[in-house]
Amino acid sequence: LESLLTGAAVNQWQVACYELDPDNPDSFKDALDKWKKKKNLNYSAMKDQLNYLRNVRKPREFTPEELTTRLQTIKRMIPEFIDATDADTLSDEEIKDIVYRAMPGGWKNNFVNSGKEIHDETLESIERYMSTQQTVEEKSEKKKNNKNQNNNNNNQKHGSAQ
């Protein structure tokens, strides 16, 4: 574990392991719990993380697939919080709902206007739909930028001819 840590976390891990008994299999778990407490990975921090996830918005530079992968990775890490229970994890349905709500408003409107409903779709089908929306939006923006660039070039040509 120590090789995965950097900065102050390394020192905190070394302190947590100071009295580690290599002959006691529970000793590592005790040291890990001690370190988690030092890092404030407690129940309250877990609840804050879950609340944040439930209200997250897709970063512009992320694809829908990248957002989904990130959420699923975080979902797998939730049990590592101190005092986390099975009830604290995100269900597949909740991940699907978070992914949908994280998407831009126009994409969600198009989804609804196409006759789709979240509860009838799989996470993968929502991901695919939103990826298509992203591709269409990117092509539209590229076309618009090219048109603006052409207009600017024409304005410069006509402006210098006068």
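Below is a short write-up of the structure. (Residues numbered from 1 in each chain as written. Predicted model: local features only at pLDDT ≥ 70, side-chain atom pairs only at ≥ 80, totals over all residues. Heavy atoms only, no water.)

1. A few points about the packing of aromatic side chains
To be explicit about the condition: Any Phe, Tyr or Trp ring, taking Trp's six-membered ring, that has another such ring centre within 6.5 Å forms a pair; planes under 30 degrees apart are called stacked, those over 60 apart edge-to-face, and the others tilted. Helix numbers and strand numbers start at the N terminus; a helix is a DSSP run of H or I with at least 4 residues, a strand a run of E with at least 2. Each residue gets one of three labels from its accessible area relative to the maximum for its type: buried under 20%, exposed over 50%, partly exposed in between, using a 1.4 Å probe on protein chains only.
Considering all chains together, one arrives at 2 aromatic pairs under this definition. Aromatic pair Tyr100 and Phe111: ring centres 5.3 Å apart, planes at 55°, arrangement tilted. One end of the pair, Tyr100, is in helix α5 (residues 92-102); the other, Phe111, is in helix α6 (residues 105-113), and 11 residues separate them in sequence. The same class applies to Tyr100 as to Phe111, namely buried. With a centroid separation of 5.3 Å and an interplanar angle of 85°, the aromatic rings of Phe111 and Tyr129 are classed as edge-to-face. With Phe111 in helix α6 and Tyr129 in helix α7 (residues 123-161), this residue pair connects regions lying 18 residues apart in the sequence. The exposure class assigned to Phe111 is buried, which follows from its relative accessible area of 1%. Connected via pairs of aromatic rings, a cluster forms that spans Tyr100, Phe111 and Tyr129.

2. Topic: the nonpolar core
To be explicit about the condition: Take the buried Ala, Val, Leu, Ile, Met, Phe, Trp, Tyr and Cys residues and link them wherever side-chain atoms come within 4.5 Å; each set so joined is a nonpolar core. We call two residues in contact whenever any of their non-hydrogen atoms come within 4.5 Å of each other.
Core analysis: the biggest nonpolar cluster contains 22 residues, and Leu71, Leu90, Val99 and Met130 have the highest contact counts within it. The biggest single contributor to this core is α5, with 5 residues. If we skip the residues at most four places from it in the chain, Leu71 touches Leu53, Ile95, Ile98 and Val99.

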